[in-house]
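The chain contents come next:
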Amino acid sequence: MSQRNSIITSYFQPKNKAKESTTNNSDSPESSKQEKGKGKRSISASPVPVPEKRRDVNGLNRDAPRHLSSKDLPSNWLATSSDDSLTTLSLTYHTGDIFAAPPNTLLIHACNTQGSWGAGIAAAFKSKYPKAYPVYRNFCINEYNPKSDPIPTGTALLIPPVDIGNTHWIGCLFTSAKYGKGKDKADVIVRNTAPAMQMLIELVNKAEGEIAEVRICKINSGKFGVPWEKTKDALEAITVAEGWKGSVQVWDPSDD
Ligand SMILES: Nc1ncnc2c1ncn2[C@@H]1O[C@H](COP(=O)(O)OP(=O)(O)OC[C@H]2O[C@H](OP(=O)(O)O)[C@H](O)[C@@H]2O)[C@@H](O)[C@H]1O
């Protein structure tokens, strides 16, 4: 099956199926038991109501520019976006601090669908972009629901600049439903990566406002435990318009 067809299969399955596959994607029942106990973070899956007339509730600024997700794309977006897919995604490598980026840079990282930026680079995103975190969390917990209506994996969320004095955009790739011991298996995370990135590219193309550069960390290779080479191969198979944003810059803080 081609990359594109596999994307369509993964994203356009009926909602019930999508839920099934999220469940099936999880580790063994053993690890899901572990998920219930040791190491579990206290994340409420109950919707947190946001009062109508109050602003900046729980850090969520209702006046901020709106995030973009699969809900902003037509159901046939993959078919309609294929015309300008002329080349494969180009990656370039850079050593240093991904966050020391010029204005209007998109910073991409891998996320779980539970609403937690609890460890690894996600925790750094949470501390550097305190207003973006509740946008992500609200999307996971209120627009979707980790227990009853989880975000389908293999999708993405694009958060416009919402932190005062910062013009960085944040791209969340939902490559695993859960985190920690309940994270999806490596091959499932890799399989989720291309469609998630493909969707993010589509959201970037649709976004109003400038996105000048695109940076990504070596997603999936830390807490998710997937060798970078596997993620790299998945990303490089994605088709994009020639010269899309120049290239996607892979930033690593160290040389090894
Ligand atoms: N401060 C920092 N500055 C710069 N680069 C940093 C860094 N810290 C780590 N890196 C590098 O960033 C890459 C990805 O490594 P990560 O372990 O972060 O992410 P991942 O994509 O494997 O997994 C995602 C899950 O990790 C999180 O934590 P939880 O699941 O919440 O526990 C999320 O919420 C997800 O669920 C590796 O190259 C790390 O060297």
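Going by an unreviewed UniProt entry, the chain carries the name ADP-ribose 1''-phosphate phosphatase and comes from Clathrospora elynae. The annotation that UniProt attaches to the chain under Sequence similarities (unreviewed entry) is "Belongs to the POA1 family." Recorded in UniProt under Function (unreviewed entry), the annotation for the chain is "Highly specific phosphatase involved in the metabolism of ADP-ribose 1''-phosphate (Appr1p) which is produced as a consequence of tRNA splicing."

What follows concerns the pairing of strand β8 (residues 248-252). Burial runs high along β8: 5 of the 5 residues are buried. On β8, burial covers both faces: Val 248, Val 250 and Asp 252 on one face and Gln 249 and Trp 251 on the other are all buried. Two elements, strand β2 (residues 91-95) and β8, share 5 bridges in a ladder whose sense is parallel. Within the sheet, the bridge partner assigned to Thr 95 lies in β8 and is Asp 252.

On to the environment of Val 188. Among the structural elements, Val 188 can be located in helix α7 (residues 186-206). Considering only alpha carbons, one finds Val 188 and Ala 100, 88 residues apart in sequence, at a separation of 31 Å.

Next up on the list: the pattern of salt bridges. Going through the model one piece at a time under the given rule, you end up with 6 salt bridges. The structure contains a network of salt bridges with shared partners spanning Lys 232, Asp 233 and Glu 236.

Picture the strands of a sheet paired through backbone hydrogen bonds; they go either parallel or antiparallel. The sheet built from 6 strands is open, its strands ordered β2-β8-β6-β3-β5-β4 with mixed pairing. Edge strands, defined here as strands with exactly one partner in the open sheet, are β2 and β4 (155-159). On average, each strand axis in the sheet is inclined to that of its neighbour by 25 degrees, with strand direction left out of account. Packing of helix α5 (residues 120-128) onto the sheet brings it into contact with β3 (105-111), β5 (169-174) and β6 (213-217), and relative to β3 it is tilted by some 130 degrees.

Calculation rules
- Every chain begins its residue count from 1, and numbering advances along the sequence as written.
- The predicted nature of this model means local features are confined to residues of pLDDT at least 70 and side-chain atom pairs, given and counted, to a pLDDT of 80 or more, with totals for whole chains, interfaces and linings taken over all residues.
- Derived side-chain values reflect all non-hydrogen atoms in the structure, with water molecules and hydrogen atoms excluded from consideration.
- UniProt positions are given in the numbering used here, feature names are shortened, and annotations may be inferred rather than shown by experiment.
- Under the scheme applied here, a residue whose accessible area is under 20% of the maximum for its type counts as buried, over 50% as exposed, and between as partly exposed, the area being computed with a 1.4 Å probe on protein chains only.
- Put simply, DSSP H or I for four residues or longer makes a helix, DSSP E for two residues or longer makes a strand, and each gets a number counted from the N terminus.
- Strands are labelled as partners when DSSP assigns at least two bridges between them.
- Within this document, salt bridges are pairs made up of a side-chain nitrogen of Lys or Arg and a carboxyl oxygen of Asp or Glu, the two lying within 4 Å of each other.
- Every angle, taken between N-to-C directions, lies between 0 and 180 degrees, and every axis is a line fitted to C-alpha atoms, over only the stretch in contact when it is a helix.
- The contact criterion used throughout is that any non-hydrogen atoms of two residues lie within 4.5 Å.

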